[in-house]
Amino acid sequence: MKVSRAIPWVLFIAVSTCWAQATGVTARPLLRTTVSGDESKESVIAAIEFAPGATTGLHTHPGDEYAVVTEGALELRPQGQPVRRVSAGQAYHNARGLVHETVNVGTTPAKTVATFVLDRGKPLTEPVH
């Protein structure tokens, strides 16, 4: 399957605006494509950087998020579950619809590469107020 060169720019805008209220969180799209055998789902891979002290704010995803921390340390704050810290070399999963917040609790930037398996056409994140 050929991926159009325009898709990364569209994804960049979509990913960037998803965390528009999340000061210090930036995302760079790497790939967006449909899931083999299920045209109702799509997969998005993004490189995400968190400045020291940055937070995503409370949000959900219309699908699952799988991520690996490549630099720094993050604190995962899922509602109704214990807070946990993940550092470079560790991975985590946020299930569909889980209200959560991710915070860089370190003094240096933290980076992840995240894969999202989402309902096609839905926004990457949905803020929770």
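Conventions adopted
- Residues numbered from 1 in each chain as written.
- Predicted model: local features only at pLDDT ≥ 70, side-chain atom pairs only at ≥ 80, totals over all residues.
- Heavy atoms only, no water.
- Core = buried A, V, L, I, M, F, W, Y, C linked by side-chain atoms within 4.5 Å.
- Buried < 20%, exposed > 50% of the residue type's maximum accessible area, 1.4 Å probe, protein only.
- Helix = DSSP H or I, 4+ residues; strand = E, 2+ residues; numbered from the N terminus.
- Polar contact = N/O pair within 3.5 Å; in protein donor to acceptor, adjacent residues only side chain to side chain.
- Contact = heavy atoms within 4.5 Å.
- Patch = residues over 30% accessible without salt bridge, like charges linked within 9 Å, V, L, I, M, F, W, Y side chains within 5 Å.
- Areas by Shrake-Rupley, 256 points an atom, 1.4 Å probe, with all protein chains shown as cover.
- Salt bridge = Lys/Arg side-chain N within 4 Å of Asp/Glu carboxyl O.

Caption draft 1: Expanded view of the nonpolar core. Judged by nonpolar contacts, the single largest core of 18 residues is most densely connected at I48, F50, L74, V86, Y92 and F116. Those elements that provide at least two residues to this core are β1 (25–35), β2 (38–50), β4 (63–71), β5 (73–78) and β9 (110–119).

Caption draft 2: Spotlight on the side chain of E42. Looking at the element boundaries, E42 is found in strand β2. Exposure remark for E42: the relative accessible area of 8% places this residue in the buried category. At 2.8 Å, the side chain of E42 and the side chain of R32 are in polar contact. In contact with E42, other than residues within four places in its own chain, are R32, T33, T34, V35, F116, V117, L118, D119, R120, G121 and K122.

Caption draft 3: Representation of a nonpolar patch on the surface in the model. A surface patch of nonpolar side chains, about 260 Å² in accessible area, is lined by L30, L31, V68 and V113. Along the chain, V68 falls in strand β4. By relative accessible area, which is 31% here, V68 ends up partly exposed.

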